Amino acid sequence: MNVGLYERIWMWAAAAIIAVFVGVIAVSTFAYAVRPPSHAETIAPAQVLADPRFSPPGVVVDAGGNVEVHVVLLMFAFLPAEIRVPAGRPVTFRVTSADVTHGFQISGTNANTMVLPGYVSQFTYTFEHPGEHLVVCNEYCGLGHHTMQAKVIVEPPAGEAGR
Ligand SMILES: [Cu+2]
């Protein structure tokens, strides 16, 4: 088969671009563990509020100072509805649903995940500045969907209060 020079060049260029794309995905997946925030692990949706990972829901700071927020979404509320976290430190959100598919989006940030019943969604976010963010459900979940809201209150780092 006779393939022209330019066509051969473009074929190899296209193959190289595809190889680079696949390589970037492979490196970010296996070397940097980049993955979607949903499906971190499984959980029985009917027992979410009794599960030690989410009972009680709220903010947990461990001995090492790591901040974890455990949130349960259900028709039509966030538990807890008010989340207080420190500024300038990575905060890991672990979110799950007790019933249907919900969404967890923190306004003014790129923190956003689907929340599927049966799975825990997890992501880590650092709030740079103190302030208040509205949290909304962005997956239609029923008649009261539009009333679902919570807020994240970002507090000044410890020792800087009142500055
Ligand atoms: Cu909703």
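Since the model is a prediction, treat every value here as computed from it, not as a measurement. All residue numbers here refer to positions counted from 1 along the written sequence of the relevant chain. Note on the predicted model: pLDDT of at least 70 is required for a residue's local features to be given, and 80 or more for side-chain atom pairs to be given and counted; whole-chain, interface and lining totals, by contrast, use all residues.

It is worth spelling out the overall build of the chain at this point. Of regular secondary structure, the chain possesses one helix and 11 strands. Scanning the chain from its N terminus toward the C terminus, one meets helices and strands in the order α-β-β-β-β-β-β-β-β-β-β-β. The C-alpha atoms of the chain give a radius of gyration of 21 Å, which is well past the 15 Å a tight globule of 163 residues would have. Every C-beta atom is placed from the backbone, and the number of other C-beta atoms within 10 Å of a residue's own sets its class: buried at 20 or more, exposed at 12 or fewer, partly exposed in between. Considering the chain as a whole, with its 163 residues, one finds that 21% of them fall into the buried category. Every helix listed is a DSSP run of H or I at least four residues long, and every strand listed is a run of E at least two residues long, numbered separately from the N terminus. Both definitions apply: the radius of gyration is a C-alpha atom measure, and the globule rule equals 2.2 Å times residues to the power 0.38.

With that settled, the discussion passes to the environment of Asn-66. Checked against the element boundaries, Asn-66 lands in the loop between β2 (58-61) and β3 (67-74). Distance in space between the C-alpha atoms of Asn-66 and Val-154 is 15 Å, their sequence separation being 88 residues.

A separate point is the sheet that holds strand β5 (residues 82-86). Backbone-to-backbone hydrogen bonds join strands into a sheet, with any given pair of strands oriented parallel or antiparallel. Pairing between strands is defined by DSSP: at least two bridges between them are needed. Ordered in space as β5-β11-β10-β7-β8, the five strands form an open sheet in which the pairing is mixed. Only two strands of the sheet have a single neighbouring strand rather than two, namely β5 and β8 (112-115). Strand-to-strand, the axes of this sheet are offset by a mean angle of 20°, without reference to chain direction. As defined by bridge partners, strand β7 (residues 102-106) adjoins strand β10 (residues 131-136) across two bridges and the pair is classed as antiparallel. If you follow Gln-105 over to β10, its bridge partner there is Val-136. Structural elements are reduced to axes, namely lines fitted to C-alpha atoms, with helices fitted over the stretch in contact, and the angle between N-to-C directions of any two is expressed from 0 to 180 degrees.

Here we take up the domain arrangement of the chain. Bear in mind that the domain bounds are from an automatic or database domain assignment. Each assigned domain of the chain is listed here: domain 1 (1-34) and domain 2 (41-155). Once you take the C-alpha centre of each, domain 1 and domain 2 turn out to be 39 Å apart.

So, on to the nonpolar core. A set of buried Ala, Val, Leu, Ile, Met, Phe, Trp, Tyr and Cys residues, joined through C-beta atoms within 7 Å, is what we mean by a nonpolar core. Counting residues in hydrophobic clusters, the biggest one holds 24 residues, and the most contacted among them are Val-71 and Leu-73. Among the secondary structure elements, those contributing two or more residues to this core are β3, β5, β6 (90-97), β7 and β11 (149-155). Note on contacts: residues are paired as contacts if their backbone-placed C-beta atoms lie within 7 Å. When near neighbours in sequence (up to four residues on either side) are disregarded, Val-71 contacts Pro-57, Phe-78, Leu-79, Phe-93, Val-95 and Phe-104.

This brings us to unusual backbone geometry. Cis peptide bonds are those with omega within 30 degrees of zero, and the linkage from Ser-55 to Pro-56 qualifies with -5°. Checked against the element boundaries, Pro-56 lands in the loop between β1 (41-42) and β2. Omega for the peptide link from Leu-79 to Pro-80 comes to -5°, which places this bond in the cis form. Within the secondary structure, Pro-80 sits in the loop between β4 (77-79) and β5.

The next thing to look at is the pairing of β10. With six bridges connecting them, β10 and β11 associate as antiparallel partners. Counterpart to Leu-134 in the pairing with β11 is Lys-151.

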